[in-house]
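Here is how the chains run, residue by residue.
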Amino acid sequence: MLATAFPVDLRRCQALGLAGTAVLALGGESAGALPARDLLSPESGRAVLGLVGVYFGVVLLIAAWALLGTVVRGPAPPTPRSLLLVLATWAAPLLLAPPLFSRDVYSYLAQGAMVDAHIDVYAYGPARLGGPLADEVAPVWQSTTTPYGPVFLALARGLSSLTRGEIPAGLFGMRMVALLGVALMAAALPRLARHSGADPAAALWLGALNPLVLLHLVAGAHNDAIMLGLLGVGLVAARGHRPLAGAVLVTLAALVKVPAALGLIAVIALRGRGQGRWGIAWATLTTGVAAVATTVAATAVAGTGYGWIAALRTPVSPHNWSPTSLLGRMTGALLQKLGSGLAPLAMPVWHAAGLLATVGLLLFIWLRLRPHPVYALGLSLAAVAVFGPAIRPWYALWGLFLIAAAAPTGSVRGRVAAASAVLALAVLPSGSPADAGQVILAVSGGLLALVVLWQAHQAAQAPAPGLERTA
């Protein structure tokens, strides 16, 4: 409907999306994941207005992205360079906004300060650090060890040393790190799309201009951005006949967050393609050696040790809405109501079932799609996100990024795009659990944006006064 409501072109999409992120950033000044000293009561007038404004802006951004999709699929699609300019325009208002949709960035800063202070982040949570920076970390994570690898911790440590623990400077620096990751993603997408026989413009639209990228990687400054950026350029290197460089880059991505380690399977598949059994064996050996050497070197430089392997068992929030955690809570509640002593085992059993389901899916995906390793990797990362013990909206980007580059059909892209639009509305800008009143305010902001868009639709359909008189 929107596509026929406006004389759609690239500039109008760019302007509508800019309006969305500008309103979103402005609303975040009072409703975002602010430092503790700046937090407002959710019932205060400014916080209420900010929450309504954020969701007003999010809906405008989603509408702009959907309209841009019609331009990309139209008879004269924009060039990748034009789309990168749109991405930069939409992201600009978010660069100086407070953190949005999550408080994880404060955990990153605290962990960097801990490494800088020679505190073992794989043995202690931010509470061990103490002080103003640790106080910014969400209570549920105060005593939780980090699951992040040495590459990210080295970045966080360098940033902590550079900013000397100053929160505003640290937040800006961490957002610049995330922005670097998004830039690497945007650089890799067109190249991966061409190699996979997909449209580079469509890949950029779905994988880089996606609202989830802007809301959670740019505004939320999540380290998933640098993980995906390194993974993307690693796959580009592997496809460009530089498999050892690809293995190194993919390993560095895994040393930010471990799910990227699945990318090594894609590197092996790309290197061993068409070379028979011995070629696959040689590719596996050389890729494994490169990965081990990179891990040893990166860990030695970071000086954080190998505690991240054990820290992968870091507990998840008990209120996580992943399918396995939800089923675990439901089963546990039912067993408790029945008076069974097995209730405490429900969550671990469902998490183990999720792990088994993931392994089964990975085997099926790689056996079925081995000739298409980038697409297989995207589906594999999506499976890890869905069936893992924890899920967040930005985890969807793990698989989405590569599905955008290598999806074989437009219908797959359409379903992924629809899921992205829904997930973009899934969390509050403060990163806190929602109560009924805040949900109502968020829905009100979104509905207000829809009313504005509908009015613009009506105005675009109305004939010009001069034409009406002529008729």
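The paragraphs below set out a description of the structure included in this document. Given the structure is predicted, the values throughout are model-derived calculations rather than measurements. (Residues numbered from 1 in each chain as written. Predicted model: local features only at pLDDT ≥ 70, side-chain atom pairs only at ≥ 80, totals over all residues. Heavy atoms only, no water.)

## Some remarks on the overall build of the chain
Working step 1: The helix and strand tally for the chain stands at 22 helices and 0 strands.
Working step 2: Burial statistics for the chain: of 471 residues in total, 51% are counted as buried.
Working step 3: When contacts within the chain are restricted to residue pairs at least 6 apart in sequence, long-range pairs at least 24 apart make up 74% of them.
Working step 4: In the form shown here, the chain has an accessible surface area of approximately 21100 Å², with 69% of it arising from carbon and sulfur atoms. (Helix = DSSP H or I, 4+ residues; strand = E, 2+ residues; numbered from the N terminus. Buried < 20%, exposed > 50% of the residue type's maximum accessible area, 1.4 Å probe, protein only. Contact = heavy atoms within 4.5 Å. Areas by Shrake-Rupley, 256 points an atom, 1.4 Å probe, with all protein chains shown as cover.)

## Quick word on helix α4 (residues 80–91)
Working step 1: With 12 residues, α4 ought to run about 16 Å at 1.5 Å a step, and its terminal C-alpha atoms sit 16 Å apart, in line with that.
Working step 2: Listed in full, the buried residues belonging to α4 are L83, V86, L87, T89, W90 and A91.
Working step 3: In this fold, the buried residues of α4 make contact with α2 (10–31), α3 (45–72), α8 (167–196), α9 (200–207) and α10 (211–218). (Expected span 1.5 Å × (residues − 1).)

## With respect to the nonpolar core
Inside soluble globular proteins, nonpolar side chains tend to come together where they are buried.
Working step 1: If you look at the biggest cluster of nonpolar residues, it comprises 135 residues, and the most contacted ones within it are L68, W90, L209, L231, L377 and L402.
Working step 2: Counting residues per element, this core draws most heavily on α3, which supplies 16 residues.
Working step 3: Apart from residues no more than four positions distant in its own chain, L402 is found in contact with L192, L231, L235, V374, L377, G378 and L381. (Core = buried A, V, L, I, M, F, W, Y, C linked by side-chain atoms within 4.5 Å.)

## What about the packing of helix α11 (residues 224–239) against helix α19 (residues 396–406)?
Working step 1: With their axes 11 Å apart at the nearest point, α11 and α19 run at an angle of 30° to one another. By the angle between their directions, the pair α11 and α19 is classed as roughly parallel. Considering only the axes of α11 and α19, their crossing is right-handed. Residues D224, M227, L228, L231, G232 and L235 of α11 form the contact with α19, whose own contacting residues are L397, W398, F401 and L402. (Axes fitted to C-alpha atoms, helices over the stretch in contact; angles between N-to-C directions. Parallel < 35°, antiparallel > 145°, perpendicular 65-115°, else oblique. Left-handed = near helix turned anticlockwise from the far one by under 90°.)

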